[in-house]
Amino acid sequence: MKTDSLIFGPVPSRRLGISLGIDIIPFKTCSLNCIYCECGATNHLSLERRHFVDVVTVLSQLKQILKDLNHVDYITFSGSGEPTLNKDIGTMISEIKRLTSIPVAVLTNGTLLYRDDVARDLLPADVILPSLDAVSEEVFSKINRPHPQLEMAEIIDGLIRFREVYTGEIWLEIFMVKSINDHDGELTELYRTIKKIRPDKVQLNSLDRPPADTRVRPVEMKKLEAIKQKWKDLPVEIVKRIRRREEIVAFSKNLENTILNTITRRPLMIDDLVQLTGKNRLEILKYIDVLEKEMKIYPKIVGKKIFYTAKT
Ligand code: SF4
């Protein structure tokens, strides 16, 4: 049982704004062993829910940290494993809801939502962010390398049934890997399945950091934008980060210089840059990603907001 460093952050998060993380699972205990996992290979592939950490310890650490914090947008169950494998997650969410009005988010791989106990535990949370990278068993086993007892049909059914009873937001993430789940057949099935799940957001992502398996290749931004365009009746967002200028279609040195020069003069938020340049948010984020990767700028939490500031 681990007792230290259960809370981390707050960190600026593309999906959740200013997020304070809670990690309630031992390192790489998960029901999946995704080929793209940035934490490396799963060393404990499991479906068994257990008491991994002491609930009182989690809550007292959280209370202590919240005392000194100005603002966070979400308290987020996340970390280096699957948080719903912790049997106490339901109790923790309910207790946090009594402790503070800060919304609670759960980053989950969604594989256990078909189980009534897991679904019930997550009901008090404000946002659930499940993953769904595949619909066919074949692609599921290639990309997520699941526990042998997991079945795709049951997982999908769990997500659909969860939507029917859950009143909070569901932001479904799809992680795209080139030549594995980006072909037309799988994409069509994903589209049909997402229509049944009815998430509030569909977030498309792909690699931006070195994966566990070096043969894993990212799906380019151009392809993600084409999927978004094709699925235009779904609430699709692209959350993949860009790391190289070459990935920006019609890259503009002028726009990059404007962003960098403005940020060098004073820290700015993404919304400020959108207003200043007249470009859309996604376009600005691409340049921000490159400049951040090159360590020319970095995000800084000031009060309730995330500003970008230049390295001095
Ligand atoms: S579900 Fe998340 S933690 Fe588990 S292997 Fe996949 S990416 Fe890693």
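Residues numbered from 1 in each chain as written. Predicted model: local features only at pLDDT ≥ 70, side-chain atom pairs only at ≥ 80, totals over all residues.

On to the overall build of the chain. From N to C terminus, the chain includes 10 helices and 12 strands. Principal-axis analysis of the C-alpha atoms gives the chain an extent of 55 × 50 × 35 Å. Counting the 312 residues in the chain, one finds 37% classified as buried. Relative to all contacts within the chain whose residues are 6 or more apart in sequence, the contacts with residues 24 or more apart total 71%. (Helix = DSSP H or I, 4+ residues; strand = E, 2+ residues; numbered from the N terminus. Buried ≥ 20, exposed ≤ 12 C-beta atoms within 10 Å, placed from the backbone. Contact = placed C-beta atoms within 7 Å.)

The subject of this paragraph is the sheet that holds strand β10 (residues 236-238). The strands that make up a sheet are held in pairs by hydrogen bonds between backbone atoms, and each pair lies either parallel or antiparallel. Read across the sheet, eight strands follow the order β1-β2-β5-β6-β7-β8-β9-β10 without closing on themselves; strand pairing throughout is mixed. Among the strands making up the open sheet, the edge pair consists of β1 (7-13) and β10. Between one strand and the next, the sheet's axes are offset by a mean angle of 25°, whatever the strand orientation. (Pairing = 2+ DSSP bridges. Axes fitted to C-alpha atoms, helices over the stretch in contact; angles between N-to-C directions.)

A few words now on the domain arrangement of the chain. As far as domains go, the chain holds domain 1 (7-240) and domain 2 (247-310). At the junction of the two partners, domain 1 supplies 10 residues and domain 2 supplies eight residues. Secondary-structure elements contributing two or more residues to the side of domain 1 that touches domain 2 are β1, β2 (17-22) and α7 (221-230). Along the lines of polarity and charge, the residues of the side of domain 1 that touches domain 2 split into five nonpolar, three polar and two charged. (Domains from an automatic or database assignment. Nonpolar A, V, L, I, M, F, W, Y, C, P; charged D, E, K, R; others polar.)

The next point concerns the nonpolar core. Judged by nonpolar contacts, the single largest core of 66 residues is most densely connected at Ile 24, Ala 105, Val 106, Ile 174 and Leu 204. What Ile 174 contacts, discounting residues up to four positions off in sequence, is Leu 132, Asp 133, Leu 190, Val 202, Leu 204 and Asn 205. Counting 12 residues, the second-largest nonpolar core is a separate cluster that includes Ile 242, Leu 273, Ile 297 and Tyr 308. (Core = buried A, V, L, I, M, F, W, Y, C linked by C-beta atoms within 7 Å.)

In this section: the site of the ligand. Taken together, Cys 30, Leu 32, Asn 33, Cys 34, Cys 37, Cys 39, Thr 42, Gly 81, Glu 82 and Asn 109 are the residues near the ligand. Broken down by class, the residue content of the shell around the ligand amounts to five nonpolar, four polar and one charged. (Near = placed C-beta within 6 Å.)

Turning to the environment of Ser 179, a few remarks are in order. Of note, Ser 179 is situated in the loop between β8 (169-176) and α6 (184-197). Distance from Ser 179 to Ile 96, taken between C-alpha atoms, is 42 Å for residues 83 residues apart in sequence.

What follows is about the pairing of strand β5 (residues 74-77). Of the two faces of β5, both are covered, the one formed by Tyr 74 and Thr 76 as well as the one formed by Ile 75 and Phe 77. Of the strand pairs in this sheet, β5 and strand β6 (residues 104-108) are connected by three bridges, and their pairing is parallel. Across the sheet, residue Ile 75 finds its bridge partner in β6, namely Val 104.

So, on to the packing of helix α9 (residues 270-277) against helix α10 (residues 281-293). When two helices pack together, their arrangement is given by the angle between their axes and by how far apart the axes lie. Viewed as axis vectors pointing N to C, α9 and α10 meet at an angle of 115°, and their least axial separation amounts to 9 Å. In terms of their interaxial angle, α9 and α10 are classed as roughly perpendicular. Where α9 crosses over α10, the two elements pack in a sense that is right-handed. In this structure, α9 uses Ile 270, Leu 273, Val 274 and Thr 277 to contact α10, whose residues at the interface are Arg 281, Ile 284, Leu 285 and Ile 288. (Parallel < 35°, antiparallel > 145°, perpendicular 65-115°, else oblique. Left-handed = near helix turned anticlockwise from the far one by under 90°.)

This part takes up unusual backbone geometry. Between Gly 9 and the following residue, Pro 10, the backbone shows a cis peptide bond with an omega angle of 10°. In this fold, Pro 10 is placed in strand β1. A positive phi angle is found at Arg 145, which is not glycine, with a value near 35°. Among the residues examined, Arg 145 registers 17 C-beta atoms within 10 Å and is labelled partly exposed.

With that settled, the discussion passes to the environment of Glu 246. Take Glu 246: it is sitting in the loop between β10 and α8 (253-265). Between the alpha carbons of Glu 246 and Arg 281 there is a distance of 19 Å; along the sequence they are 35 residues apart.

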